[in-house]
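Residues per chain, in single letters:
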Amino acid sequence: MSTSRAVPVTLAEIARLAGVGRAAVSNWRRRHPSFPERIAGTDTNPQFSLTDIEGWLRANKKLKKSAEREWLWPGFEALGGRDETGAAIAEVGRLLSGRASDEGEEIRADARELIERAVDLGQREGGTETFAFLLRRWLDVHVRQIATTPEPLASLMAQLALGAADGVVGDSPGSSGGITVMDPACGPGHLLLAGADAARASGAGALTLLGSDRDAALASLADSRLALAENERHREEEWAQVSVRAADSLRDDPFSDTPADIVLCNPPFNERDWGYEELATDARWSHGLPPRTEPELAWVQHCLAQLRPGGAAVLLLPPAVAARKAGRRIRGSLLRTGQLRAVVALPPGCAAPHSVSLHLWVLRVPAHGEGTPVGDRLLVADAASRFPRDPEEKWTPDWAAISAFVREAVEEADSPQAPAYVRQVPVIELLNDEVDLTPGRHIAPPPADTALRLAESWREFTGLIANVNESARLLAALGLATAEADTPTATTVAELARAGALTLRGGQQPPEESIHAGPPSDDGIPLLTVPDLLVDGEPRSWLAPGTAAVGEAVIAEPGDIVVVGVARAFSAWVHEGPPTALGPQLHAVRVQPEQLDAWFLAGSLRAPANARQAGTHTTNSSRIDVRRLQIRQVPLGEQRRYGEAFRELTAFEGLLRRAADLGTSLVRDLGDELAAGRLANQA
């Protein structure tokens, strides 16, 4: 391998490339005098030359026997900013597809060398696979700035759109028996590619793909991706006419004169600067000018305006669009005209942001000869309730089941055997002061499902109460001294750290580009932050294993004590979950077990009086100086006796919290059932 400049890699990256743990790399560095010297960083977080490391691993027969493409990425990542790397990857795709380089793109010499190496590898190992690997790594790095549509969801959206336009696509004047698929906010091209595959599978004729994105890097990547797909999938025939433009579709639509049969769109969410002032009189707002706070409804109307008669659009939208007060007038107009055909609530975790139940909106404009339809019913489907998440377990979408449910909901909605959690809602029911289209508001769970869920909840609640009683019995039996006891000498966390009885490490904010939203992958490292603790204590993001961010993060291992350094969320507990990265104002304490009992220390640290003494200000948003927190100095045996009591008290607290949540849910669900008249007759 040769590059015009040294590409830096960290110990964590070396470990990933070599297929070993970071400890093994640190061991190599200590034991082998020939291990390359660092070229940047510090002694604790060194960086090495990728070229030197590859040469050393090869010479010492420690080079990982894997695809060579793994060694490409550090060089691309080192090119600089997001756009420079994206442009280089797009150029790789263009060249692998057999197209000429982009004459308007200036590429540095070191980037050109990497591009040539990637193209050579792609020609040997597969162009599609090589480009897909580089694109995936680029998207992973910039996951916080770029929201993509997962491939199974993109495929489902394409199938829904084709179904809604069934019998019309290819029959409209000017369509030439083919189909035009458009995405006005195409990102890296997930939806366009899914639309093309679905159209081909349905037997469509000539295919035209039109995409635009205001982010030039994303538009360039989508263009290269689609060109590569054409080259790989249909070498003997023309696959599609592809046109992808770098443009803001709302402000300057590059395809305003080109109607589409199918529009698929995952628009940007919650953007205030979408062009409200300059587009106030735009002809696309046939259902009303979208309020400044409702950019998603601007995208809805834009997609409708792009459709030829009989065409259909499917959009992925945040759930608030179905219920926000500001958009009720436009939602009412979409209902009255019958152009909004269905709203489907997806389970949380199907796409970013993973913490909410995103909605699919299915829209259609009337075909020639249909006239203007007057809406009478709206199909709503609640996949979020049909596929509930167990908060106690790791959850990933069962796309086969979810897709089958949604397709059946749309295809069988008028059938007497329509699936559960699906309903055709009369529009007159929806045209009230709220015009709330949230599926869960209009679908009652089937009585059988409700009865089963209630039975399971009652079983859990009964078990919880038994455990609460047992824990309460043990705690009540603890004898508390009634006389004033001698106060043992107190020490602080700082003094214990100086004595070597514990180590204290403060969490930090990883680079934004290294953070992944949603539940972690199988080997991902959860990232816990103070905002997570203020909601429900569950991590809402994660770090990829083997990355520099993980190598530099503070990881709480099972048995460590986690201490919160903010007054409004102050707490301390013994960590019993998987290894977890800690964000700012969270601290990991690791004790020497021959000197300190972890449960005794955690229980002592979390005392409210302790936090008041160690606080830096008087407000509840103040920081806690963890080093000043105090602990009584008692023998280890006494610590363990108190530690068992603290452990039982912590368990009691958890039982009470879960019982309260479950009891509230039982009261709500049982109240609904009684109000619906489902109390069975007693014999």
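Residues numbered from 1 in each chain as written. Predicted model: local features only at pLDDT ≥ 70, side-chain atom pairs only at ≥ 80, totals over all residues. Heavy atoms only, no water.

*Asks:* Tell me about the overall build of the chain, and name the residues and values.
*Replies:* For the chain, the count of helices and strands is 22 helices and 23 strands. When the 683 residues of the chain are sorted by exposure, 48% land in the buried category. The contacts of the chain with a sequence gap of at least 6 include a subset with a gap of at least 24, amounting to 73%. About 32300 Å² of surface is accessible on the chain, with carbon and sulfur atoms providing 50% of the total. (Helix = DSSP H or I, 4+ residues; strand = E, 2+ residues; numbered from the N terminus. Buried < 20%, exposed > 50% of the residue type's maximum accessible area, 1.4 Å probe, protein only. Contact = heavy atoms within 4.5 Å. Areas by Shrake-Rupley, 256 points an atom, 1.4 Å probe, with all protein chains shown as cover.)

*Asks:* Talk me through helix α14 (residues 399-411); I want residue IDs and the actual numbers.
*Replies:* A rise of 1.5 Å per residue sets the reference length of α14, with its 13 residues, at 18 Å; its end C-alpha atoms lie 18 Å apart and thus fit the reference within 8%. Taken together, the buried positions of α14 are Trp-399, Ile-402, Ser-403, Phe-405, Val-406 and Ala-409. What you see down the axis of α14 is that its buried residues fit within an arc of 160 degrees, all on one side. Structural note: α14 exposes Ala-400 and Glu-411 on the side pointing more than 90 degrees away from its buried face. Contact partners of the buried residues in α14: α8 (151-164), β9 (340-345), β11 (377-382), α13 (383-386) and β12 (422-426). (Expected span 1.5 Å × (residues − 1). Arc of directions from axis to C-beta.)

*Asks:* Before we move on, can you summarise the pattern of salt bridges with the specific residues and values?
*Replies:* Pairs can form between side chains of opposite charge once their charged atoms are near each other. On inspection of all chains with the given rule, the structure shows 28 salt bridges. A salt bridge links Glu-91 to Arg-94, with the shortest nitrogen-to-oxygen separation between them at 3.0 Å. Here Arg-94 and Glu-91 lie together in helix α5 (residues 82-96), a separation of three residues that amounts to about one turn. This pair shows no difference in class: Glu-91 is buried, exactly as Arg-94 is. Here the salt bridges do not stand alone but share partners, grouping Asp-248, Arg-251, Asp-273 and Glu-278 into one network. (Salt bridge = Lys/Arg side-chain N within 4 Å of Asp/Glu carboxyl O.)

*Asks:* I'd like a description of the packing of aromatic side chains, backed by residues and values.
*Replies:* Within the structure shown, the criterion is met by eight aromatic pairs. On the basis of an interplanar angle of 75 degrees and a centroid distance of 6.0 Å, the ring pair of Trp-274 and Tyr-276 is categorised as edge-to-face. Looking at Trp-274, the relative accessible area reads 2%, which means it is buried. Using a relative accessible area of 24% as the deciding quantity, one classes Tyr-276 as partly exposed. Here a set of aromatic residues connected by ring pairs shows up, and it is made of Trp-28, Phe-35, Phe-48 and Trp-56. The ring of Phe-387 has Arg-386 sitting right over it, with the charged end atom 4.6 Å from the ring centre. Lying across the ring of Tyr-642, Arg-632 places its NZ or CZ 4.7 Å from the centre. (Phe/Tyr/Trp six-rings, centres within 6.5 Å; stacked < 30°, edge-to-face > 60°. Lys NZ or Arg CZ within 6 Å of the ring centre and 35° of its normal.)

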